Amino acid sequence: MTKERRAPLDRRQVAAAGLNLLNEAGLHGLTLRAIAKELDVKAPALYWHFKDKQALLDEMATEMYRRMIADSDLDPADTWRERLLKSNRGLRAALLRYRDGAKVFSGSSFTGNEYAEQMEDNLRLFTSAGFTLPQAVRATTTTYTYTLGFVTEEQAAVPPIEARAERLADFPLTAAAGPEIFADFDAHYEEGLTMVLAGIEATYGVR
């Protein structure tokens, strides 16, 4: 009697398992050994695909991006403002699907060229709207880093507001700022994004 042969793993399967485990264990609990256990294989089977944890994170970030663009609703008729609103709201939603999603995404290198198609489309849209190429790059990367930084803070541990206020009783304005920092993230994100877009328009004079 022969054993049923297991289909070989590929990089996307491992990355998908890593994303599933991420929601359970967080970034600190994510290891190749833990993913191997999740997939019911030996750890060396994963080292065939990934030399270290960073290589795995790169593939996970790429898989996050693939899923994000699959769900995107970008329209060739978008204005530059509409494109920035859609793409950054989509990025935030994609990062929030995973525990520590922003930390995984930040600093990772994509393993494929899927991003280049959307980047080319965005830059073409911006330059057609009157931005120079350097201005288009600054506008898109500034909003991207705003969103990435915002979600990184949003996914961090939120201190108990009342305890924070008591601890900072000698600093009343700082104490009162707590709800503005650690609550109503949706509204604060949208307000900040509007500010960034207004700054882009004021800086480059493109409406």
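Here the structure is a predicted model, which is why all the values come from computation and not from measurement. (Residues numbered from 1 in each chain as written. Predicted model: local features only at pLDDT ≥ 70, side-chain atom pairs only at ≥ 80, totals over all residues. Heavy atoms only, no water.)

**Brief notes about the overall build of the protein**
For the protein, the count of helices and strands is 12 helices and 0 strands. Projected onto its principal axes, the C-alpha positions of the protein cover 70 × 55 × 25 Å. Within the protein, the fraction of its 207 residues that count as buried is 38%. Summing over all exposed atoms, the protein offers an accessible surface of approximately 12500 Å²; the carbon and sulfur share of this is 54%. Placing the 25 positive and 30 negative side-chain charges of the protein at their respective mean positions leaves the two points 8 Å apart. (Helix = DSSP H or I, 4+ residues; strand = E, 2+ residues; numbered from the N terminus. Buried < 20%, exposed > 50% of the residue type's maximum accessible area, 1.4 Å probe, protein only. Areas by Shrake-Rupley, 256 points an atom, 1.4 Å probe, with all protein chains shown as cover. Lys, Arg positive; Asp, Glu negative; His and termini not counted. Charge placed at Lys NZ, Arg CZ, Asp CG, Glu CD.)

**Examining the pattern of salt bridges**
Summed over the entire model, instances satisfying the criterion amount to 17 salt bridges. The salt bridge involving R66 is made with E63; its shortest N-O contact spans 2.9 Å. Residue R66 and its partner E63 are both found in helix α4 (residues 53-70); the two are separated by 3 residues, about one turn of the helix. In this structure R66 comes out as buried when scored by relative accessible area, which is 14%. (Salt bridge = Lys/Arg side-chain N within 4 Å of Asp/Glu carboxyl O.)

**Comments concerning helix α7 (residues 114-128)**
Taking 1.5 Å per residue, 15 residues should reach 21 Å; α7 reaches 22 Å between its end C-alpha atoms and fits that length. Those residues of α7 that fall on the buried side of the exposure criterion are Q118, N122, L123, L125 and F126. The buried side chains of α7 occupy one side of the element, clustering within an arc of 160° when seen end-on. Away from its buried face, by an angle of more than 90 degrees, α7 presents the exposed residues E117 and S128. (Expected span 1.5 Å × (residues − 1). Arc of directions from axis to C-beta.)

**Focus: the packing of helix α8 (residues 133-154) against helix α12 (residues 185-204)**
Their axes nearest at 11 Å, the elements α8 and α12 cross at an angle of 160°. For the element pair α8 / α12, the angle class is roughly antiparallel. For the pair α8 and α12, the crossing hand works out as right-handed. On α12, the residues touching Q135, R138, A139, T142, T143, Y146, T147, F150 and E154 of α8 are F185, H188, Y189, G192, L193, V196, L197, I200 and Y204. When grouped by side-chain class, the residues that make up the contact of α8 with α12 number 10 nonpolar, 6 polar and 2 charged. (Axes fitted to C-alpha atoms, helices over the stretch in contact; angles between N-to-C directions. Parallel < 35°, antiparallel > 145°, perpendicular 65-115°, else oblique. Left-handed = near helix turned anticlockwise from the far one by under 90°. Contact = heavy atoms within 4.5 Å. Nonpolar A, V, L, I, M, F, W, Y, C, P; charged D, E, K, R; others polar.)

**Structural notes on the environment of T174**
Looking at the element boundaries, T174 is found in helix α10 (residues 172-176). Judged by its relative accessible area of 37%, T174 falls in the partly exposed class. Along the backbone, T174 and R164 are 10 residues apart, and their C-alpha atoms lie at a distance of 9.6 Å.

**Notes on the UniProt feature "DNA-binding region" (unreviewed entry) in the protein**
Under the UniProt annotation, "DNA-binding region" (unreviewed entry) lies at residues 31-50. Secondary structure across residues 31-50 comprises 65% helix and 0% strand; the distance between its end C-alpha atoms is 12 Å. (UniProt positions renumbered as here; feature names shortened; annotations may be inferred.)

**Digging into the nonpolar core**
In globular proteins that are soluble, nonpolar side chains generally tend to be buried together. By size, the foremost hydrophobic cluster in this structure holds 33 residues, and its most contacted members are L22, I35, L46, M60, L95 and F105. The set of elements that each furnish at least two residues to this core consists of α1 (11-25), α2 (32-39), α3 (43-47), α4, α5 (80-96), α6 (101-105) and α8. For L46, the contacting residues outside a window of four places in its chain are L9, V14, L32, I35, A36, L39 and V41. Membership of the second largest hydrophobic core comes to 17 residues, among which are W80, A136, L193 and V196. (Core = buried A, V, L, I, M, F, W, Y, C linked by side-chain atoms within 4.5 Å.)

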